[in-house]
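Close look at the chain arrangement
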Amino acid sequence: MNTLIEQVKTEIAYLGYSQSTCKSYCEHLLKLSHYFNKPLDLITDDELNIF
């Protein structure tokens, strides 16, 4: 799995957010990665604005 998504999972757990929040955030990050067909760390600010 993407290391950025793992970092998000760690941060969410540290902040005490619910499992459903973690699942939702991670699913949206995966959708973003699949939409641009590239890793999250290679997605630019302009691409985020397009999304």
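Now for a description of the structure that goes with this document. Nothing here was measured: the structure is a model prediction, and the numbers come from that model. (Residues numbered from 1 in each chain as written. Predicted model: local features only at pLDDT ≥ 70, side-chain atom pairs only at ≥ 80, totals over all residues. Heavy atoms only, no water.)

Another point: helix α1 (residues 3–15). Since the α-helix turns once every 3.6 residues, residues separated by three or four places project in the same direction. Across its 13 residues, α1 extends 18 Å between first and last C-alpha, which sits within 8% of the 18 Å expected from 1.5 Å per residue. Positive backbone phi, at 80°, marks Gly-16, one or two positions downstream of α1. (Helix = DSSP H or I, 4+ residues; strand = E, 2+ residues; numbered from the N terminus. Expected span 1.5 Å × (residues − 1).)

This brings us to the packing of α1 against helix α2 (residues 19–36). Axis separation between α1 and α2 bottoms out at 10 Å; the angle between their running directions is 160°. The orientation of α1 with respect to α2, classified from their angle, is roughly antiparallel. Crossing of α1 against α2: the hand is right-handed. Of α2, the residues touching α1 (which contributes Ile-5, Val-8, Lys-9 and Ile-12) are Cys-22, Tyr-25, Cys-26, Leu-29 and Leu-30. (Axes fitted to C-alpha atoms, helices over the stretch in contact; angles between N-to-C directions. Parallel < 35°, antiparallel > 145°, perpendicular 65-115°, else oblique. Left-handed = near helix turned anticlockwise from the far one by under 90°. Contact = heavy atoms within 4.5 Å.)

Core analysis: the largest hydrophobic core is formed by 8 residues, namely Ile-5, Ile-12, Cys-22, Cys-26, Leu-32, Phe-36, Leu-40 and Ile-43. Taken together, the elements giving at least two residues each to this core come down to α1 and α2. Ranked by the residues each element gives to this core, the list is headed by α2, at 4 residues. In this view, Ile-5 contacts Cys-26, Leu-29, Leu-30 and Leu-40; residues no more than four positions away in its chain are not counted. (Core = buried A, V, L, I, M, F, W, Y, C linked by side-chain atoms within 4.5 Å. Buried < 20%, exposed > 50% of the residue type's maximum accessible area, 1.4 Å probe, protein only.)

You can see Ser-33 is positioned in helix α2. For Ser-33, the residues in contact, after removing those within four places along its chain, are Lys-38, Pro-39, Leu-40 and Ile-43.

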